[in-house]
Amino acid sequence: MIGALVAGITGSGGASLSSYESIASATGTGTSSANIVFSSIPATYTHLQIRAINRDTLGGTGTSLFYVRFNGDTGSNYVRHRLWGNGTSASSSGAVSQSFIEIFGSSFYSGSTNVGASIIDVLDYASTTKNKTTRNFSGNDNNGSGFVNISSGLWLNTAAITSITLVPEQGFGTATQFALYGIKAAA
Amino acid sequence: MPAGATYEPIATTTLSGASTWTFSSIPGTYTDLIAIVVVTSTTGNSFHWRFNGDTGNSYSYTVLEGNGSAASSARSSSDTNINIYSGVGTANPSMFRTHFMSYSGSTNKTVLSEAANDKNGTGIVNRLVGLWRNTSAITSITGTTFAGTLTGTATLYGIKAA
């Protein structure tokens, strides 16, 4: 059974003075197989943004990644396309019928002293008529190695997103920090 | 309860023929910082970032770029700065956005940067990840051109997590 560190929303309502609001944040526990879940996401924003730094618990010094799922959906309902640079050449790839959206080059293994970084935009997350698109920017530089990535993700489901599950390669180390933000359109 | 203002302007610098500028005395109260620079250049040369006045070989970066003909990638290791790795327009403004992630945290510092530089027939679009091998909190950020001077604005924003 996969444990979950839940960083749900407590409290409710309240007029916002800003169109870019912090919703929730979470820190890695260093426990293998422990996901981070942002739950009970209100439908009151237009877009969401996840900002993160990461280091995995898996041993070694190489590059790592994490995965994103919506509303607990573990089915083959995700698609992604990626463009990346490894410091020598640029490459591209795509994948359909995935059980998650991969955020490549967003982390390092536990033996590195550095962290990967990522910014994930979840667009029109509360729509009930559109499948959901993400725009992802991530990278990890290890002073001689590393990757910079841009990718798009697609969740083939028109349901409003009410939860986001972040899945590590092995575990989110204690240097890992996730923050979820909501962006409101003009009234 | 969602927070109030989360994305706050910290400082804006008007660049009028400037070759360098510094955001200083940056408070450690935010989670991430974002610098947005919109400028033209007298020579078209790029600029770079340094932190806390560190001029040592403490920086590195990996970049992905497209020049309108091909996509490519490059890297610099043990460098004296994080190069934005894009020229700057001389007639039309170029836009740069750099995210300084967990800038006051206890790890070495990772930045994600974007460049948009279209010159109506030439230009660069890039994404870059940079590293400052220092666990100190970033309290100052200095931008400096490789050559020439810049005209435009540089604004620093702070983002607070819950």
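Up top is the structure these notes are about.
Visitor: Describe in detail the nonpolar core, supporting the description with residues and values.
Guide: Counting residues in each nonpolar core, the largest one holds 32 residues, and the members touching the most others are Trp21, Phe47, Trp49, Phe51, Phe100 and Ile141 of chain B. Per-element accounting of this core gives the leading share, four residues, to strand S3 (residues 32–41) of chain B.

Visitor: Can you tell me about the sheet that holds strand S11 (residues 141–145) of chain B, naming the residues and giving the values?
Guide: Residues and elements named next belong to chain B. Strand order in the open sheet formed by four strands is S2-S11-S4-S7, with antiparallel pairing between adjacent strands. Sheet topology places strand S2 (20–23) and strand S7 (82–83) at the edges, where each strand pairs with a single neighbour. Across five bridges, strand S4 (residues 47–51) lies against S11 in antiparallel orientation. Bridge pairing links His48 to Thr144 in S11.

Visitor: Please give an account of the pattern of salt bridges that cites residues and values.
Guide: This structure, assessed with the given rule, holds six salt bridges over all chains. In this structure, the salt-bridge partner of Asp32 of chain B is Arg51 of chain A, at a minimum N-O distance of 2.8 Å. Pair noted here: Asp32 of chain B is in strand S3 and Arg51 of chain A is in strand S4 (residues 47–54), and the two residues belong to different chains. In terms of burial, Asp32 of chain B and Arg51 of chain A fall into one category: buried. Linking Asp121 of chain A and Arg135 of chain A is a salt bridge whose minimum nitrogen-to-oxygen distance equals 2.9 Å. With Asp121 of chain A in strand S9 (residues 116–123) and Arg135 of chain A in strand S10 (residues 132–141), this residue pair connects regions lying 14 residues apart in the sequence.

Visitor: Pulling in residues and values, what's your account of the sheet that holds strand S2 (residues 20–27) of chain A?
Guide: Residues and elements named next belong to chain A. Read across the open sheet, the eight strands follow the order S2-S13-S4-S9-S10-S11-S6-S7; overall the sheet is antiparallel. Strand pairing shows two members of the sheet lacking a second neighbour, S2 and strand S7 (90–98), which therefore form its edges. Recorded for the sheet is a direction-independent mean angle of 15° between the axes of neighbouring strands. As paired elements, S4 and strand S13 (residues 177–183) share seven bridges and run antiparallel to each other.

Visitor: Which residues make up the environment of Ile120 of chain A, and what values do they have?
Guide: All names here are of chain A. Of note, Ile120 is situated in strand S9. Note: C-alpha distance between Ile120 and Ser25 (95 residues apart in sequence) is 14 Å. Excluding anything up to four places from it in sequence, Ile120 contacts Leu48, Gln49, Ile50, Phe66, Val68, Ile103, Thr134, Arg135 and Asn136.

Visitor: Help me get a handle on the pairing of S4 of chain B, residues and values and all.
Guide: All names here are of chain B. Taken across its five residues, S4 has four buried, putting it largely inside the fold. Two strands pair when backbone bridges link them, and S4 and S7 are joined in this way by two bridges, in the antiparallel orientation. Residue pairing across strands places Trp49 opposite Ile82, the latter belonging to S7.

Visitor: Describe in detail the layout of surface pockets, supporting the description with residues and values.
Guide: Of the volumes computed, that of the largest pocket is approximately 370 Å³. Surrounding the largest pocket, 22 residues form its lining, Gln49, Asp121 and Arg135 of chain A together with Arg97 and Glu114 of chain B being those nearest its centre. Mapped onto the lining of the largest pocket, the elements with two or more residues apiece are S4, strand S6 (78–85), S9, S10 and strand S11 (146–155) of chain A together with strand S8 (94–101) of chain B. Looking at side-chain class alone, the lining of the largest pocket contains nine nonpolar, six polar and seven charged residues.

Visitor: How would you explain the interface of chain A and chain B if you had to name every residue and give the values?
Guide: Every contact between the two is made by 48 residues of chain A and, on the other side, 42 residues of chain B. Interface area for chain A against chain B, summed over the two sides, is near 3200 Å², with a carbon-plus-sulfur share of 60%. Across the chain A-chain B interface, the total number found is one salt bridge. The interface formed by chain A and chain B contains 16 residue pairs in polar contact (both at pLDDT 80 or more). Counting only elements with at least two residues in the side of chain A that touches chain B, the list comes to S2, S4, S6, S9, S10, S11 and S13 of chain A. With six residues, the top contributor of residues to the side of chain A that touches chain B is S2 of chain A. Considering only residue class, the side of chain A that touches chain B consists of 19 nonpolar, 25 polar and four charged.

Calculation criteria
- Residues numbered from 1 in each chain as written.
- Chains lettered and ligands numbered in written order.
- Predicted model: local features only at pLDDT ≥ 70, side-chain atom pairs only at ≥ 80, totals over all residues.
- Heavy atoms only, no water.
- Core = buried A, V, L, I, M, F, W, Y, C linked by side-chain atoms within 4.5 Å.
- Buried < 20%, exposed > 50% of the residue type's maximum accessible area, 1.4 Å probe, protein only.
- Helix = DSSP H or I, 4+ residues; strand = E, 2+ residues; numbered from the N terminus.
- Pairing = 2+ DSSP bridges.
- Salt bridge = Lys/Arg side-chain N within 4 Å of Asp/Glu carboxyl O.
- Axes fitted to C-alpha atoms, helices over the stretch in contact; angles between N-to-C directions.
- Contact = heavy atoms within 4.5 Å.
- 1 Å grid on protein atoms, 1.4 Å probe; cavity = no way out; pocket = protein on both sides within 12 Å on 5 of 7 lines; lining within 4 Å.
- Points joined across faces, edges and corners; volume = space filled by probe spheres on them.
- Nonpolar A, V, L, I, M, F, W, Y, C, P; charged D, E, K, R; others polar.
- Buried area = accessible area lost by both parts, 1.4 Å probe.
- Polar contact = N/O pair within 3.5 Å; in protein donor to acceptor, adjacent residues only side chain to side chain.

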